[in-house]
Amino acid sequence: MVSDDKQYEHVSQQVRHHNDRILGSFDLFIRLFSAVVGGAIWLSLQAGAARRGSYYALLSDLLVGLITVMSILMVLENLRAWHGYRWAQTRLGEKDESGNYRIPPPKKLRASLIEIGMVACMLCSALLFLLFNRV
(Lines give C-alpha, C1' and ligand atoms only; values in the text may rest on other atoms or scores of the structure.)
Protein backbone atom coordinates (compact mmCIF):
# COMPACT_ATOMS: atom_id res chain seq x y z
CA MET A 1 0.00 0.00 0.00
CA VAL A 2 1.17 3.52 -0.79
CA SER A 3 1.62 5.89 2.13
CA ASP A 4 -0.36 9.11 2.37
CA ASP A 5 2.86 11.11 2.02
CA LYS A 6 3.74 9.36 -1.25
CA GLN A 7 0.20 9.86 -2.58
CA TYR A 8 0.33 13.54 -1.68
CA GLU A 9 3.74 13.89 -3.33
CA HIS A 10 2.46 12.21 -6.51
CA VAL A 11 -0.69 14.35 -6.62
CA SER A 12 1.36 17.52 -6.07
CA GLN A 13 3.65 16.54 -8.95
CA GLN A 14 0.60 16.03 -11.17
CA VAL A 15 -0.74 19.47 -10.24
CA ARG A 16 2.57 21.04 -11.31
CA HIS A 17 2.74 18.85 -14.42
CA HIS A 18 -0.69 19.90 -15.67
CA ASN A 19 0.04 23.54 -14.92
CA ASP A 20 3.19 23.27 -17.04
CA ARG A 21 1.23 21.58 -19.82
CA ILE A 22 -1.32 24.40 -19.85
CA LEU A 23 1.48 26.94 -20.32
CA GLY A 24 3.11 24.69 -22.92
CA SER A 25 -0.14 24.49 -24.89
CA PHE A 26 -0.39 28.26 -25.02
CA ASP A 27 3.28 28.52 -26.00
CA LEU A 28 2.69 26.01 -28.81
CA PHE A 29 -0.27 28.05 -30.04
CA ILE A 30 1.82 31.22 -30.12
CA ARG A 31 4.63 29.53 -32.07
CA LEU A 32 2.38 27.82 -34.64
CA PHE A 33 0.09 30.82 -35.04
CA SER A 34 3.09 33.12 -35.56
CA ALA A 35 4.50 30.77 -38.20
CA VAL A 36 1.22 30.70 -40.13
CA VAL A 37 0.74 34.47 -39.90
CA GLY A 38 4.33 35.08 -41.00
CA GLY A 39 3.90 32.68 -43.91
CA ALA A 40 0.64 34.31 -44.95
CA ILE A 41 2.24 37.76 -44.90
CA TRP A 42 5.26 36.55 -46.85
CA LEU A 43 3.07 34.88 -49.49
CA SER A 44 0.94 37.99 -49.87
CA LEU A 45 4.06 40.01 -50.69
CA GLN A 46 5.29 37.65 -53.42
CA ALA A 47 4.85 38.37 -57.12
CA GLY A 48 1.91 36.49 -58.61
CA ALA A 49 0.33 36.04 -55.20
CA ALA A 50 -3.02 37.37 -56.41
CA ARG A 51 -3.54 34.31 -58.63
CA ARG A 52 -2.66 31.72 -56.01
CA GLY A 53 -3.62 33.82 -53.02
CA SER A 54 -7.10 32.44 -52.55
CA TYR A 55 -5.81 28.88 -52.17
CA TYR A 56 -3.15 29.89 -49.68
CA ALA A 57 -5.58 32.13 -47.80
CA LEU A 58 -8.01 29.22 -47.46
CA LEU A 59 -5.22 26.89 -46.37
CA SER A 60 -3.91 29.36 -43.79
CA ASP A 61 -7.47 29.95 -42.51
CA LEU A 62 -7.92 26.20 -42.04
CA LEU A 63 -4.54 25.87 -40.33
CA VAL A 64 -5.28 28.71 -37.94
CA GLY A 65 -8.68 27.18 -37.17
CA LEU A 66 -7.16 23.75 -36.47
CA ILE A 67 -4.33 25.19 -34.39
CA THR A 68 -6.78 27.25 -32.36
CA VAL A 69 -9.22 24.39 -31.73
CA MET A 70 -6.49 21.94 -30.74
CA SER A 71 -4.73 24.45 -28.51
CA ILE A 72 -7.97 25.34 -26.74
CA LEU A 73 -8.76 21.65 -26.24
CA MET A 74 -5.30 21.06 -24.80
CA VAL A 75 -5.63 23.98 -22.36
CA LEU A 76 -9.13 22.95 -21.26
CA GLU A 77 -8.28 19.27 -20.83
CA ASN A 78 -5.19 20.06 -18.77
CA LEU A 79 -7.24 22.53 -16.72
CA ARG A 80 -9.84 19.81 -16.07
CA ALA A 81 -7.10 17.40 -14.98
CA TRP A 82 -5.48 20.11 -12.85
CA HIS A 83 -8.78 20.69 -11.02
CA GLY A 84 -9.15 16.96 -10.41
CA TYR A 85 -5.68 16.67 -8.91
CA ARG A 86 -6.17 19.80 -6.83
CA TRP A 87 -9.33 18.27 -5.37
CA ALA A 88 -7.38 15.06 -4.68
CA GLN A 89 -4.72 17.16 -2.97
CA THR A 90 -7.42 18.82 -0.86
CA ARG A 91 -8.93 15.48 0.14
CA LEU A 92 -5.53 14.01 1.00
CA GLY A 93 -4.88 16.97 3.30
CA GLU A 94 -8.04 15.99 5.21
CA LYS A 95 -10.04 18.29 7.45
CA ASP A 96 -8.98 20.03 10.61
CA GLU A 97 -10.79 20.00 13.96
CA SER A 98 -13.28 22.66 12.83
CA GLY A 99 -14.28 20.64 9.75
CA ASN A 100 -12.49 22.84 7.20
CA TYR A 101 -10.06 21.44 4.66
CA ARG A 102 -6.44 22.00 5.65
CA ILE A 103 -5.65 22.60 1.97
CA PRO A 104 -8.32 24.84 0.49
CA PRO A 105 -10.10 23.42 -2.55
CA PRO A 106 -9.68 25.20 -5.89
CA LYS A 107 -12.29 27.77 -6.75
CA LYS A 108 -13.65 27.04 -10.24
CA LEU A 109 -13.68 30.53 -11.72
CA ARG A 110 -10.91 32.15 -9.70
CA ALA A 111 -8.48 29.28 -10.30
CA SER A 112 -9.20 29.41 -14.04
CA LEU A 113 -8.86 33.12 -14.84
CA ILE A 114 -5.50 32.78 -16.58
CA GLU A 115 -6.74 29.88 -18.70
CA ILE A 116 -9.91 31.80 -19.60
CA GLY A 117 -7.65 34.65 -20.70
CA MET A 118 -5.53 32.27 -22.77
CA VAL A 119 -8.58 30.85 -24.53
CA ALA A 120 -9.95 34.36 -25.14
CA CYS A 121 -6.60 35.47 -26.63
CA MET A 122 -6.49 32.42 -28.89
CA LEU A 123 -10.04 32.98 -30.11
CA CYS A 124 -9.49 36.71 -30.69
CA SER A 125 -6.22 36.07 -32.53
CA ALA A 126 -7.83 33.47 -34.77
CA LEU A 127 -10.88 35.63 -35.50
CA LEU A 128 -8.74 38.65 -36.33
CA PHE A 129 -6.58 36.53 -38.62
CA LEU A 130 -9.64 35.13 -40.40
CA LEU A 131 -11.05 38.64 -40.76
CA PHE A 132 -7.90 40.30 -42.11
CA ASN A 133 -6.30 37.42 -44.02
CA ARG A 134 -8.25 38.07 -47.19
CA VAL A 135 -7.92 41.85 -47.15
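Each value, and the rule that gives it
The numbers attached to residues start from 1 for each chain and follow its sequence in the written order. Local features in this predicted model are restricted to residues whose pLDDT is 70 or higher, and side-chain atom pairs enter the listing and the counts only when it is 80 or higher, whereas totals over whole chains, interfaces and linings include all residues. To get the side-chain values, take all heavy atoms of the structure and skip hydrogens and water. Salt bridges are counted wherever a side-chain nitrogen of Lys or Arg sits within 4 Å of a carboxyl oxygen of Asp or Glu. In this text, helices come from DSSP runs of H or I with a minimum length of four residues, and strands from runs of E with a minimum of two, each type numbered from the N-terminal end. The pairing test for Phe, Tyr and Trp rings, Trp by its six-membered ring, is centres within 6.5 Å, and the orientation test on the planes gives stacked under 30 degrees, edge-to-face over 60, and tilted for anything in between. For the purposes of this section, nonpolar cores are sets of buried Ala, Val, Leu, Ile, Met, Phe, Trp, Tyr and Cys residues that join through side-chain atoms within 4.5 Å. To sort residues, take the accessible area from a 1.4 Å probe on protein chains only and compare it with the maximum for the residue type: under 20% means buried, over 50% means exposed, and anything in between is partly exposed. We call two residues in contact when some of their heavy atoms are within 4.5 Å. To estimate the expected span of a helix, count its residues, drop one, and scale the result by 1.5 Å.

1. Some words on the pattern of salt bridges
Here is step 1 of the chain: This model, assessed by the stated rule, comprises two salt bridges.
Here is step 2 of the chain: Residues arginine 31 and aspartate 27 are paired through a salt bridge, measuring 2.9 Å at the closest nitrogen-oxygen approach. Of this pair, arginine 31 and aspartate 27 both sit in helix α1 (residues 4-45), separated by four residues, roughly a single helical turn.
Here is step 3 of the chain: A salt bridge links arginine 80 to glutamate 77; its shortest N-O distance comes to 2.4 Å. With arginine 80 and glutamate 77 both in helix α2 (residues 49-92) and three residues apart, the pair spans about one turn of that helix.

2. Topic: the packing of aromatic side chains
Here is step 1 of the chain: Applying the stated criterion to the full structure yields three aromatic pairs.
Here is step 2 of the chain: Seen in terms of ring centroids, phenylalanine 29 and phenylalanine 33 are 5.3 Å apart; in terms of plane orientation they differ by 20 degrees. Their pairing is stacked. Within this pair, phenylalanine 29 and its partner phenylalanine 33 are both found in helix α1, separated by four residues, close to a single helical turn.
Here is step 3 of the chain: Both rings, one in tryptophan 87 and one in tyrosine 101, keep their centres 6.3 Å apart while their planes meet at 80 degrees; by these two values the pair is edge-to-face. Here the residue tryptophan 87 occupies a position in helix α2, and tyrosine 101 occupies one in the loop between α2 and α3 (113-132), the gap between them amounting to 14 residues.
Here is step 4 of the chain: In this structure an aromatic cluster arises from ring pairing among Phe29, Phe33 and Phe129.

3. Notes on the nonpolar core
Here is step 1 of the chain: Ranked by internal contacts, the top residues of the largest apolar core, which has 17 residues, are Val64, Met122 and Phe129.
Here is step 2 of the chain: For this core, the elements supplying multiple residues, two or more each, are α1, α2 and α3.
Here is step 3 of the chain: Filtering out sequence-adjacent residues up to four positions away, phenylalanine 129 remains in contact with Phe33, Val36, Val37, Ala40, Ser60, Asp61 and Val64.

4. Quick word on α1
Here is step 1 of the chain: Taking 1.5 Å of rise per residue, 42 residues should cover 62 Å, and α1 covers 62 Å from first to last C-alpha, within 8% of that figure.
Here is step 2 of the chain: The set of residues buried in α1 consists of Val11, Ser12, Gln14, Val15, His18, Ile22, Ser25, Phe29, Phe33, Val36 and Ala40.

5. Overview of unusual backbone geometry
Here is step 1 of the chain: In this structure, glutamate 94 is a non-glycine residue whose phi angle is positive, near 60 degrees.
Here is step 2 of the chain: In this structure, glutamate 94 sits in the loop between α2 and α3.
Here is step 3 of the chain: Taking the relative accessible area as the measure of exposure, glutamate 94 reaches 47% and is therefore partly exposed.

Note that all results are geometric; they support no functional claim without further evidence.
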